[in-house]
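Notes for the structure review
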Amino acid sequence: MKKINIAIDGPAAAGKSTIAKLVAQKFNMIYVDTGAMYRAITLYYIEQETEDFDRLVKEIDLKIVLDNGQRVILNGEDVSERIRQNDVTQKVSYVASKEPVRTFLVNEQQKLANEKNVVMDGRDVGTTVLPDAELKIYMIASVEERALRRLKDNELRGIESDLESLKLDIERRDQYDMNREISPLVKAEDAISIDTTGLTIEEVTNKISELAKSKM
Ligand code: C5P
């Protein structure tokens, strides 16, 4: 079988990471969550209280451990759970709009995918990080359904939230991500759109797996 890269992009809470993980497991590929990397820099930004983004990316010690599920290590500490908290979610789109941050992370992400065999999810994977990915998916779902899924997710993680605030947060982040100057969230021309509203996780995973097989 040929080694390939799969890019999965789409708006907030569309189910990208759940599906990407399952597809990666199925084909023994490596799953890379690029959003977690933006979240880690955002946590560092909150801690450092500076708007000097050149300095932030120069000084940050960020390690992405990819075996057995992705872990994010910031300055020696595992922050994989911490970066899901509301304070980080509130600020991440702002930090992700900054040029030094994007240049730094896109470079790191391209290094991670160098050997192929990754399923990478995010906002600009198909357009900017891996423009040559063999399979590109643009995953969408209604705001209502995305907010409901995130509510369940947060419950499992022990993060307090309510449906209305989640809807507002999802819409606000989508607007910010779609309208920023550098590599905004947009469907790559050669990406296949999948609307997951009303579909089960299994249905979406199977659909993408079939598409992946045809490229291998
Ligand atoms: O995927 P997740 O919701 O964790 O991403 C958090 C934020 O990180 C997004 O709302 C977006 O602002 C930013 N992001 C990005 N480019 C990516 C992945 C995430 O700008 N490739």
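Residues numbered from 1 in each chain as written. Predicted model: local features only at pLDDT ≥ 70, side-chain atom pairs only at ≥ 80, totals over all residues. Heavy atoms only, no water.

The full set close to the ligand counts 15 residues, and Arg39, Arg102, Asp124, Asp177 and Arg180 are the nearest of them. For the ligand, an oxygen atom lies 2.8 Å from a polar atom in the side chain of arginine 102. Note that a nitrogen atom of the ligand is positioned 2.8 Å from one of the side-chain N or O atoms of aspartate 124. Counting residues per element, the ones that place at least two in the shell around the ligand are α2 (34-48), α4 (86-96) and α8 (163-179). Examining the composition of the shell around the ligand, we find that four residues originate from one element, α2, more than from any other. (Near = heavy atom within 4 Å. Polar contact = N/O pair within 3.5 Å; in protein donor to acceptor, adjacent residues only side chain to side chain. Helix = DSSP H or I, 4+ residues; strand = E, 2+ residues; numbered from the N terminus.)

Okay, the sheet that holds strand β7 (residues 135-140) next. Strand order in the open sheet formed by five strands is β2-β6-β1-β7-β8, with parallel pairing between adjacent strands. For this open sheet the edge positions go to β2 (30-33) and β8 (192-195), each flanked by a neighbour on one side alone. For this sheet the average axis-to-axis angle between neighbouring strands, irrespective of direction, equals 20 degrees. Bridge analysis of strand β1 (residues 6-9) against β7 gives four bridges, and the strand direction is parallel. Along β7, the bridge assignment pairs alanine 7 with lysine 136. (Pairing = 2+ DSSP bridges. Axes fitted to C-alpha atoms, helices over the stretch in contact; angles between N-to-C directions.)

For the rest of this paragraph, the subject is the pattern of salt bridges. A full pass over the atoms with the stated rule returns 19 salt bridges. Here arginine 55 ties to glutamate 59 by a salt bridge, and the two come within 2.8 Å at their closest N and O atoms. Taken as a pair, arginine 55 and glutamate 59 lie in helix α3 (residues 53-59) at a separation of four residues, close to a single helical turn. As a salt-bridge pair, glutamate 134 and lysine 116 come within 2.3 Å of each other at their nearest N and O atoms. Pair noted here: glutamate 134 is in the loop between α6 (125-129) and β7 and lysine 116 is in the loop between α5 (99-112) and β6 (118-122), with a separation of 18 residues, a long-range link. For lysine 116, a relative accessible area of 32% gives the class partly exposed. (Salt bridge = Lys/Arg side-chain N within 4 Å of Asp/Glu carboxyl O. Buried < 20%, exposed > 50% of the residue type's maximum accessible area, 1.4 Å probe, protein only.)

Further remarks concern the packing of helix α1 (residues 16-26) against helix α9 (residues 201-213). Two elements in contact, α1 and α9, have axes whose closest approach is 10 Å; the angle formed by their N-to-C orientations is 55 degrees. Overall, the two elements α1 and α9 adopt an arrangement that is oblique. Crossing of α1 against α9: the hand is right-handed. Facing Thr18, Ile19, Leu22, Val23 and Lys26 of α1, the residues of α9 in contact are Ile201, Val204, Thr205, Asn206, Ile208 and Ser209. Of the residues in the contact of α1 with α9, the class split is six nonpolar, four polar and one charged. (Parallel < 35°, antiparallel > 145°, perpendicular 65-115°, else oblique. Left-handed = near helix turned anticlockwise from the far one by under 90°. Contact = heavy atoms within 4.5 Å. Nonpolar A, V, L, I, M, F, W, Y, C, P; charged D, E, K, R; others polar.)

Of the two faces of β1, the one holding Ile6 and Ile8 and the one holding Ala7 and Asp9 are both buried throughout. In the sheet, β1 pairs with β6 via four bridges, with the strands oriented parallel. Within β6, the residue paired with isoleucine 8 across the bridge is aspartate 121.

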